[in-house]
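Residue-level structure breakdown
As a plain string of letters, each chain reads:
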Amino acid sequence: MLRKELGLSGSGVRRAKQMPDGILLDGCPAFTNARVRAGQTLSVAVGDLVGSGQIAPVPGPLDILYEDEDLLVVNKGGQTPVHPSQGHHGDTLANFLMAYYESIGLVAAFHPVNRLDRGTSGLMAVAKHPHAHEVLQRQLQEGRLTRTYLAVCQGVPDPAAGIVEAPIGREPGSVLRRMVTPDGAFARTHYEVLKTGRGRSLVQLELDTGRTHQIRVHMAHLGCPLVGDFLYGRETEELPDRFALHSASIRLEQPVTGREIVLEAPLPRDLADLLT
């Protein structure tokens, strides 16, 4: 019942068993082998036992475009890291969300669904509990959670629309850089030029795969690196501490009800100004 009807994973069932009143049948504690009859109410706790103790709650800017009891979607700033790391222990999206959860009395760990590089702005889904995270991750892997990106590139791709299908692997001797290489992982990117200006192009991109730095590597492979990309192009004073990539739209299914959710975030002004 818990696995087939409610869609809980094995780890989700184990978490519920560890929680006080984690599994209730008509309001009374129940074991997983209990038989449920028509008309009875079965409820299962799917939340976290504790929050992310290793992530300090630090109030900061949060642009929440959608929120319900299972997930939220934020419009992340291009200069905001997602996770704490060396040099960034209190200025990340994770810190800001932990402070927000604390302010509303929610006990939850940090469960990012789609991850964005520090230099990338735009839409990012975050689950509020492990069950929602598992469901949304499955949607991502199966191609039912989709995203569209906008990038400002140096130069104009030729042809103006097409598909880049080029395997990506780690560049030898580097812990960060990736490269197109015959022995890399399969990677495919769809692109279309929407606008040009100042020797640059606004390109819309959709991914069939989610390799590390995929858009950045593929556009550089076409000879049109992202403006401001310190790894695959050149930094510019026009974009301090970021590069010209924006997660512009996201489509997903609400992890409990299955309702379709579609959200958009317009191109930030600092990126639009690169073309004029």
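The shown structure was predicted, so the numbers you read here are calculated from the model rather than taken from an experiment. (Residues numbered from 1 in each chain as written. Predicted model: local features only at pLDDT ≥ 70, side-chain atom pairs only at ≥ 80, totals over all residues. Heavy atoms only, no water.)

Secondary structure summary: the protein chain contains five helices and 15 strands in total. Taken along the three principal axes of its C-alpha coordinates, the protein chain extends 65 × 35 × 35 Å. For the protein chain, the proportion of contacts with a sequence separation of at least 24, taken over those separated by at least 6, is 63%. The centroid of the 28 positive side-chain charges in the protein chain is displaced by 5 Å from the centroid of its 31 negative side-chain charges. (Helix = DSSP H or I, 4+ residues; strand = E, 2+ residues; numbered from the N terminus. Contact = heavy atoms within 4.5 Å. Lys, Arg positive; Asp, Glu negative; His and termini not counted. Charge placed at Lys NZ, Arg CZ, Asp CG, Glu CD.)

This part is about the pairing of strand 7 (residues 120-127). With respect to burial, strand 7 is a largely interior element, eight of its eight residues being buried. Two elements, strand 5 (residues 71-76) and strand 7, share six bridges in a ladder whose sense is antiparallel. Across the sheet, the residue bridging to Asn 75 is Leu 123, located in strand 7. Sheet analysis places strand 6 (residues 111-112) next to strand 7, joined by two bridges and oriented antiparallel. (Buried < 20%, exposed > 50% of the residue type's maximum accessible area, 1.4 Å probe, protein only. Pairing = 2+ DSSP bridges.)

A grouping of Val 175, Leu 176 and Phe 230 is seen on the molecular surface, where their side chains present a nonpolar patch of about 330 Å² in accessible area. With respect to the secondary-structure elements, Val 175 resides in the loop between strand 10 (168-170) and strand 11 (178-180). (Patch = residues over 30% accessible without salt bridge, like charges linked within 9 Å, V, L, I, M, F, W, Y side chains within 5 Å. Areas by Shrake-Rupley, 256 points an atom, 1.4 Å probe, with all protein chains shown as cover. Salt bridge = Lys/Arg side-chain N within 4 Å of Asp/Glu carboxyl O.)

This part takes up the side chain of His 88. Topologically, His 88 is positioned in the loop between strand 5 and helix 2 (93-103). A distance of 2.9 Å separates a polar atom in the side chain of His 88 from a polar atom in the side chain of Asp 91. Other than its neighbours up to four places away in sequence, His 88 contacts Pro 81, His 83 and Arg 118. (Polar contact = N/O pair within 3.5 Å; in protein donor to acceptor, adjacent residues only side chain to side chain.)

Glancing now at the environment of Leu 123. Tracing the sequence through the fold places Leu 123 in strand 7. Given a relative accessible area of 0%, Leu 123 falls into the buried group. Through-space distance from the C-alpha of Leu 123 to that of Arg 147 is 8.5 Å; in sequence the pair is 24 residues apart.

A few words now on the pattern of salt bridges. Inspection of the entire model under this criterion finds 13 salt bridges. One continuous salt-bridge network, built from bridges that share partners, spans Asp 117, Arg 216 and Asp 229.

Pro 159 follows Asp 158 through a cis peptide bond whose omega is 5 degrees. The topology assignment puts Pro 159 in the loop between strand 8 (146-154) and strand 9 (161-165). You will see that His 213, though not glycine, has its phi angle at about 60 degrees, which is positive. Tracing the backbone through its elements, the reader meets His 213 in the loop between strand 13 (200-207) and helix 4 (214-221). For His 213, a relative accessible area of 12% corresponds to the buried category.

Before going further, it helps to examine the nonpolar core. Side chains of nonpolar character tend, in soluble globular proteins, to be buried together. By size, the foremost hydrophobic cluster in this structure holds 29 residues, and its most contacted members are Phe 110, Leu 205 and Leu 226. Elements with a minimum of two residues in this core: strand 5, helix 2, strand 7, strand 8, strand 12 (188-197), strand 13 and helix 4. Considering each element in turn, this core owes the most residues, five residues, to helix 2. Discounting residues that sit within four places of it in the chain, Leu 226 has contacts with Ala 151, Val 152, Cys 153, Ile 215, Arg 216, Met 219, Phe 243, Ala 244 and Leu 245. (Core = buried A, V, L, I, M, F, W, Y, C linked by side-chain atoms within 4.5 Å.)

We now examine the packing of aromatic side chains. The relative placement of two aromatic rings is captured by the distance of their centres and the angle of their planes. According to the stated counting rule, one finds one aromatic pair in the structure shown. On the numbers, 6.3 Å between centres and 50 degrees between planes, the contact of Tyr 100 with Tyr 101 is tilted. One residue, Arg 216, lies across the ring of Phe 243, its end atom 4.1 Å from the ring centre. (Phe/Tyr/Trp six-rings, centres within 6.5 Å; stacked < 30°, edge-to-face > 60°. Lys NZ or Arg CZ within 6 Å of the ring centre and 35° of its normal.)

Counting buried positions along helix 4 gives six out of eight residues, so the element sits mostly inside the fold. Residues of helix 4 that are buried: Gln 214, Ile 215, Arg 216, Val 217, His 218 and Met 219. Looking one or two places after helix 4, you find Gly 223, whose phi comes out positive at around 85 degrees.

Turning our eyes to something else, we now look at the state of the cysteines. Applying the stated criterion across every chain, the model contains zero disulfides. Summary of cysteine pairing: Cys 153 is not part of a disulfide, and the nearest cysteine sulfur, belonging to Cys 224, is at 6.2 Å. Overall, the relative accessible area of 0% leaves Cys 153 in the buried class. (Disulfide = S-S within 2.5 Å.)

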